[in-house]
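Coordinates in review
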Amino acid sequence: MWLFKVSGMFLIFAVCTASGFLKSSALKKRAEKLLSFSRSAAELGERIRSGGGEIKELLTVCFSEGLLKFGGDGYSVDDSFLKQEDTALIEEFFGVLGMSDAYAEYERTLAYSELIKARQELADAEYRQQSRLYRSLGFLSGIFICIFFL
C-alpha cells in the first residue's frame, strides 16, 4: 500500500515540477525564436538590397525550417511558442513582401527587423522575470499537493 502511495506522490511531484520547467522553457524559446526572426529578416533585407534573387528563393536561404513552413503553395509562419501579437506582426511583414521596389523592400525589411527585435527584448525581459517564478511554482505546488495527500 505504501509503495503505491509513495510512487503516486513522486509522480505528482515530478509532473508539477516538470510543468513549471516546461513553462519556463517555453518563455526562453519564444525569445530565441523572435531573435532568429529578427536576424533572418535583417539578412533578407541585405540580400534584397544586393539583388540576390527572387523572394521565395531568398526566404528559403534566410529563414530556417523552424521559422517558416514551406509547402507547395507557398510558406507560412511557424507560430509555435509565439504569442498571437508576435505572429500577427510577422504575418503582417510577410503579407506584402515583394510588392514594391528593392530599396523600399530593404527599408521595410529593416524596419520590421527592428520591430521584431524590440518584441524579442520584451520577451527576454519577461523570461528573466518569470522563469524562476514558474520553476519555483511548479516545485512548490508539487510539494503542496504531496503534503495535502499525506
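In what follows, the accompanying structure is described. (Residues numbered from 1 in each chain as written. Predicted model: local features only at pLDDT ≥ 70, side-chain atom pairs only at ≥ 80, totals over all residues. Heavy atoms only, no water.)

**Regarding the pattern of salt bridges**
- By the definition in use, this model includes 10 salt bridges.
- Residues D86 and R30 are paired through a salt bridge, measuring 2.7 Å at the closest nitrogen-oxygen approach. Of the two residues, D86 sits in helix α3 (residues 84–95) while R30 sits in helix α1 (residues 2–49), which places them 56 residues apart along the sequence.
- One salt bridge connects R47 with E43, and the closest N-O pair in it is separated by 3.2 Å. Here R47 and its partner E43 are both found in helix α1, 4 residues apart, which amounts to about one turn of the helix.
- In this structure E43 comes out as partly exposed when scored by relative accessible area, which is 32%.
- Connected through salt bridges with shared partners, the residues R30, K83, E85, D86, R119 and E126 form a single ionic network. (Salt bridge = Lys/Arg side-chain N within 4 Å of Asp/Glu carboxyl O. Helix = DSSP H or I, 4+ residues; strand = E, 2+ residues; numbered from the N terminus. Buried < 20%, exposed > 50% of the residue type's maximum accessible area, 1.4 Å probe, protein only.)

**Observations regarding the nonpolar core**
- Among the nonpolar cores identified, the biggest contains 22 residues, and F37, L44, F63, I90, F93 and F94 are the most heavily contacted of them.
- Sort the elements by how many residues they give to this core and α1 lands first, with 6 residues.
- Sequence-distant contacts of I90, that is, excluding residues within four places in its chain, are made with L34, F37, V77, L82 and I116. (Core = buried A, V, L, I, M, F, W, Y, C linked by side-chain atoms within 4.5 Å. Contact = heavy atoms within 4.5 Å.)

**As for the side chain of D86**
- Given a relative accessible area of 1%, D86 falls into the buried group.
- Beyond its immediate chain neighbours, meaning those up to four positions away, D86 contacts R30, L34 and R119.

**Details of the pairing of strand β2 (residues 74–77)**
- In the sheet, strand β1 (residues 68–71) pairs with β2 via 4 bridges, with the strands oriented antiparallel. Paired with F70 across the strands is Y75, a residue of β2. (Pairing = 2+ DSSP bridges.)

**Some thoughts on the state of the cysteines**
- On inspection of all chains with the given rule, the structure shows 0 disulfides.
- Not part of a disulfide, C16 finds its nearest cysteine sulfur in C146, a span of 7.4 Å.
- A relative accessible area of 14% means that C16 is categorised as buried.
- Looking at C146, the relative accessible area reads 13%, which means it is buried. (Disulfide = S-S within 2.5 Å.)

**Remarks on the side chain of S38**
- As for its position among the elements, S38 is in helix α1.
- In this structure S38 comes out as buried when scored by relative accessible area, which is 5%.
- Sequence-distant contacts of S38, defined by excluding residues within four places in its chain, comprise S113, I116 and K117.

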